[in-house]
Amino acid sequence: MATKRFTAHEFTRINLSEHNLGKQAKDFQPNVRQSHPKLHILYIFRFYFTYALIYLAGYVREFVHWFLPANSTYLPVDTEKNIRAGIQSVVDGHAGFYLRNVFLPVNACFHTPLTGSPSVKFEIRERKRNHIFEPLFELTGKTRKALNFGSYNYLGFAQNDGPCVEASKVTVEKYGIGMGSSRSEMGSLQLHRDLEKLVAEFLGKEDAATFGMGFITNAGNIPAILGKGCLLISDELNHASIVLGAKLGTANIRTFKHNDMYDLEKKLKKAIIEGQPKTRRPWKKIIVIVEGIYSMEGTISYIPSLIALKQKYKFYIWLDEAHSIGAMGPTGRGVVEYWGSDANEIDIMMGTFSKSFGAHGGYIASTKAVVSHIRRQTHTNYASAMTPGVAMQIYSSLRIIMGRDDRYPNDGQRRIRRLAENTRYFRSELYKRGLVVYGADDSPIVPLIIFTPNQLDIISRTFMHIGIGIVTVGYPATPLLECRLRFCLSAAHTRDMLDYCLHTIDDVSEMFGLAFLKNRPIPPIPFPTPHEQFKNFIT
Amino acid sequence: MAFNPFIYVAGLVMEAPLYHLVLEGLLVIWIFQLLFSKSYYIRKRPGLSAKEEEELIAEWTPEPLVPPCDDPPPENNNIVDKIATRTISINGEERLNLATTSFHGMNGDKSCIETALSAIDKYGVGACGPRAFYGTIDIHLEFEKRIAAHMGAEIAILYSYGFSTVSSSINCYCKRMDIVFCDEGANLAIKKGIEASRSKVRYFKHNDTDDLNTLLEEHARWERKNSRQAKVTKKFLVAEGLYNYYGDICPLKELIAFKYKYGARLIIDESYSFGVLGETGRGVAEYFGADNSDIDVVTVSMDHALGSNGGFAYGTAYMIEIQRLGGLGYCFSAALPPYLTASALKALELIDENPKLISRLKENSNYLYDQLWSLDGIKLSNHRDSPVFHLRLMAPTTWGQDFALLQRAAERINARGVAVTMTTYVRSEELILPEPSLRIVVNSCLTREDITRVSGVVSEVVTEMLDAK
């Protein structure tokens, strides 16, 4: 990617002339700027120093506990019988140390229990633990109302009322709870088929298959298209399910730098010219796996470049649209539509229903031949089919998004537009404040980098005290030095809610000194709003 | 006078004969020539030019994404159109249900459905996030607490899909250096979990404790030789309570004895035995009268007895808490929809309240087993108490032929009003492919007359088919 350096900021921007793009590129609409600001070296030194302190404290603790009996800590211990039999410990080495001394103290900001639906206003069950190094919590019985900036509820379909929920209730009454059988045996409903047809139509593909879980859609189906002599080139920040699926196949795996199309091209060139290692035979096929929106970075993959590369290097594209389906593009058809590219160029489109649709499960859409191959080879042939209630929630929410539901003809379009507006507003406000924000200007996932893990818990609690639920993420989900807060925007957020959140961010950033870019904030979004960019599409 | 090297060298030169000086002069000139002459390396080859590279890239043609399938198996046209409990309605035809694995019909139970509906009213459908990031709903915590109390374990962990439960659990503990002893007949989820962990795996013959003993003994010998490495090599024993592929029960007592003798951790997948084996349906440990705490991790899929979706694992807090950070299917997947959790909880209550369900299931299984075991040309690989029946040919030929024959039999049985299925095996994924089998799943909703009818139909069709062959 051509990197154009602004003062101390690094923006990766797509340079279309580099790849001799075809006809599509000329009509190519949206401009995308992805921010990845660089910090002063002294800050980096400070973060390392913080880590050193945390580790030092940890080593001292462990050293002291060495002399104390095992039950003096709050940590659970193995059964006596196992210890007597000399069975090795399952938590050892660095992983165990990290778990006990870095993760446990900040454990309180994960697994926050809710009651009620995870809609935009939610209720949190309070819980407590007696000691900061105790792993288990107890519910206090109190609840607290808060604004939800944590759930992946992009289009606001996570609610406990409305047409989707009613339809899903009727379906549960009619078809029961679980199917108790796989799709290939006796677990198929007409609803499953209708849903698959609708998904295929929505994405502009020939056929689609649906699965009961989003994770297994990757992990259980990637092995189906890989074989001996195949090469899989995967983005280095791809989701764990993709990594697992790649591990399960017999193919060779290589990675390229996150969202770096130059690096990808270098890897592709090398792979095709050199062929397989050892045998030197040419590769049978090359598959490149990317995600639409990266859930931890907020970056959007460069689909037009990828397609241009594909025309030259003849690889296949597996696009994981877990977060982008429904949330991106003028009609919610995901990141391919957002870029104005042709869906037929993407060989396999995968996505999940647990985010924008407020349900559960995943899909794979592709040509008829590929989908029927995957149906034969999928691991979910051994597992239960998608439950009817969930299938109906997806079906009805998808119909609303597509504008097929006569009762709510413009509701889907309204939600998508709302989300795009919210995203632009929220992001540009954050940029102004000199905060370190990663990702593309149009991505509804907004990671705010705070760098060290020691503040995760206290910041999360501060937000919660004020009545906002946010997600805090640390290692191993992010690089060790880039712990972050994550705001997931939703179409159901009103401008007032966003302002309330922004006020809170102001206070918090002042309290904890998060405005690392105060003197040189990220430049304002230079491109027109999505509406203007998409006006060709919206009729 | 101090030693002067110049005078010393000058003296040597003066003293040396002329030919010596000439020779050395020539040698010096040669050395200089060698040093400054243009060198080249024979080994270094010129790289590909940009044009050649382009040509290579243009020449390369990949295989199609999926191999062409000339003879695709027919699409599954069995469309279910009603709740399947005692009977299953396929394409409008009512048949006795011996196909789905909901052993107690909990997927269609009235009170379960009512609980599910009120849960949808309260929670909506999806959980909209992984457990760590606001996907934890209070019903999840309640379920974990209740199931742990029910099983007498310290804690439990709830997964959002049955298949992922066991594979993620195994993957969470076993690392690259470790060794796993696994039953050959274990299901695909277990094998995929082990494969993903990249640990060393030794498969022992199905339910063969002698073979397992030899393997463990072999490993113990290796340990004695490499005691330093052995300290960091964890050992795991993996088995299924009731085998999905065979319907027989694992020798739990022996496995527990091996566990303590050789110092291995025991992981049991009880997806099919939970709610089935034992007086109160607490699984294979209760069935053998063993102590549940001797098993380190038990994983259960809720697709079957609980008639819902998802899965859970339970054990000591020491073992299970690790999964909250290390179980991939737990960490990186959206949480189970709350209404499915609520209905599973209700189903658990119902099973707990009515031990009759378990005993009726056992009676049904035993009765059908007694009817079918003497059938000519067919062997039953399942245990008498197992509700999952696997009918395999006594005289197997090739896999494909046997499969076709049994599939025709299944179709005929279906045509006569009894829904049964073939066991689906993804052949390319199975390391050790079991023989093809016709699967009959008994549930507790069936009456004795139903079972008599089933056994009549099955034995007639099988005899017809085998005679025709």
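Everything quoted here is computed from the prediction, not taken from an experiment.

S.K.: Mind showing me how you'd approach the overall build of chain B here?
M.R.: Regarding its fold elements, chain B presents 19 helices and 15 strands. Computed over the C-alpha atoms, the radius of gyration of chain B is 34 Å, more than 25% above the 23 Å expected from 2.2 N^0.38 for a compact globule of 469 residues. Principal-axis analysis of the C-alpha atoms places the extent of chain B at approximately 125 × 55 × 50 Å. Taken across its 469 residues, chain B has 57% of its residues classed as buried. Within chain B, residue pairs in contact and separated by at least 24 positions form 67% of the contacts whose partners lie at least 6 positions apart. Split by element, the accessible area of chain B, about 20,500 Å² in all, is 56% carbon and sulfur.

S.K.: Just to check I follow, could you spell out helix H4 (residues 93-103) of chain A for this structure?
M.R.: Residue pairs spaced three or four apart in an α-helix point in one direction, given the helix's 3.6 residues per turn. Residues of H4(A) that are buried: A:Gly96, A:Phe97, A:Tyr98, A:Asn101, A:Val102 and A:Phe103. Contact partners of the buried residues in H4(A): helix H2 (41-67) of chain A together with helix H14 (323-326) of chain B.

S.K.: Explanation requested: the UniProt feature "transmembrane region" (unreviewed entry) in chain B in the structure shown.
M.R.: Listed under "transmembrane region" (unreviewed entry) in the UniProt record, and renumbered for this structure, are residues 18-36 of chain B. Spanning residues 18-36 of chain B, this segment combines 100% helix with 0% strand, and its end C-alpha atoms are found 27 Å apart.

S.K.: Would you take a moment to explain the interface of chain B and chain A for this structure?
M.R.: Think of interface size as the accessible area that goes away when the parts come together; that is how it is often given. If you look at the interface, chain B gives 118 residues, while chain A gives 114 residues. Taking both sides of the interface into account, the surface hidden between chain B and chain A amounts to around 10,000 Å²; carbon and sulfur atoms contribute 63%. Together, B:Trp60, B:Leu65 and B:Tyr134 form the three largest contributors to the area buried by chain B at its contact with chain A, with a combined 10%. Where chain B packs against chain A, one counts six salt bridges. Here chain B and chain A share 52 residue pairs in polar contact (both at pLDDT 80 or more) between them. In terms of residues, the side of chain B that touches chain A owes the most to one element, helix H4 (residues 110-123) of chain B, which gives eight residues. Pairing of strand S7 (residues 188-189) of chain A with strand S1 (residues 79-80) of chain B involves two bridges; the strand directions are parallel. Bridge pairing in S1(B) links A:Ser188 to B:Ile79.

S.K.: Would you mind going over the UniProt feature "transmembrane region" (unreviewed entry) in chain A with me for this structure?
M.R.: Cross-referencing UniProt, the feature "transmembrane region" (unreviewed entry) maps to residues 41-60 of chain A in the present numbering. For residues 41-60 of chain A, the end-to-end C-alpha separation is 29 Å, with 100% helix and 0% strand making up the annotated structure.

S.K.: How should a nonpolar patch on the surface be read in this particular structure?
M.R.: All names here are of chain A. On the surface, Phe-45, Phe-49, Leu-53, Leu-56, Val-60, Phe-63, Val-64, Trp-66, Phe-67 and Leu-68 cluster together into a nonpolar patch covering about 1,200 Å² of accessible area. If you trace the backbone, Leu-53 turns up in helix H2. The partly exposed category is assigned to Leu-53, whose relative accessible area is 47%.

S.K.: For this particular structure, what's the right way to read the domain arrangement of chain B?
M.R.: Residues and elements named next belong to chain B. Along its sequence, chain B is organised into domain 1 (87-97 + 356-468) and domain 2 (110-353). Placing the centre of domain 1 and that of domain 2 at their C-alpha centroids yields a distance of 27 Å. Taken together, the contact pairs 19 residues of domain 1 with 23 residues of domain 2. Linking domain 1 to domain 2 there are one salt bridge. Notably, a salt bridge pairs Glu-429 with Lys-192, separated by 2.9 Å at the nearest N-O pair. Along the contact surface separating domain 1 from domain 2 lie nine residue pairs in polar contact (both at pLDDT 80 or more). At the level of elements, helix H17 (355-372) and strand S12 (388-393) are the ones that each hand at least two residues to the side of domain 1 that touches domain 2.

S.K.: What is the right way to read the pattern of salt bridges from this model?
M.R.: Pairing between side chains of opposite charge can happen when their charged atoms approach one another. Scanning the model with the defined rule gives 46 salt bridges over all chains in all. Salt-bridge contacts for B:Asp294 lead to A:Lys81; the nearest nitrogen and oxygen are separated by 3.1 Å. Taken together, the residues span two chains, with B:Asp294 in the loop between helix H12 (284-288) and strand S9 (297-301) and A:Lys81 in helix H3 (residues 80-84). Measuring nitrogen to oxygen at the nearest pair gives 3.7 Å for the salt bridge that ties B:Arg282 to B:Asp352. Of this pair, B:Arg282 sits in the loop between strand S8 (265-269) and H12 while B:Asp352 sits in helix H16 (residues 338-353); the two residues are 70 residues apart in sequence, bridging distant segments of the chain. Judged by relative accessible area, B:Arg282 falls into the partly exposed class, the value being 23%. One salt-bridge network, held together by shared partners, links A:Asp78, B:Lys259, B:Arg265 and B:Asp296.

S.K.: Mind showing me how you'd approach the UniProt feature "domain: Aminotransferase class I/classII large" (unreviewed entry) in chain A here?
M.R.: When the UniProt feature table is mapped to this numbering, "domain: Aminotransferase class I/classII large" (unreviewed entry) covers residues 145-505 of chain A. Split by type, residues 145-505 of chain A is 40% helix and 18% strand. Its first and last C-alpha atoms lie 18 Å apart.

Rules of the game
Residues numbered from 1 in each chain as written. Chains lettered and ligands numbered in written order. Predicted model: local features only at pLDDT ≥ 70, side-chain atom pairs only at ≥ 80, totals over all residues. Heavy atoms only, no water. Helix = DSSP H or I, 4+ residues; strand = E, 2+ residues; numbered from the N terminus. Rg over C-alpha atoms; globule rule 2.2 N^0.38 Å. Buried < 20%, exposed > 50% of the residue type's maximum accessible area, 1.4 Å probe, protein only. Contact = heavy atoms within 4.5 Å. Areas by Shrake-Rupley, 256 points an atom, 1.4 Å probe, with all protein chains shown as cover. UniProt positions renumbered as here; feature names shortened; annotations may be inferred. Buried area = accessible area lost by both parts, 1.4 Å probe. Salt bridge = Lys/Arg side-chain N within 4 Å of Asp/Glu carboxyl O. Polar contact = N/O pair within 3.5 Å; in protein donor to acceptor, adjacent residues only side chain to side chain. Pairing = 2+ DSSP bridges. Patch = residues over 30% accessible without salt bridge, like charges linked within 9 Å, V, L, I, M, F, W, Y side chains within 5 Å. Domains from an automatic or database assignment.

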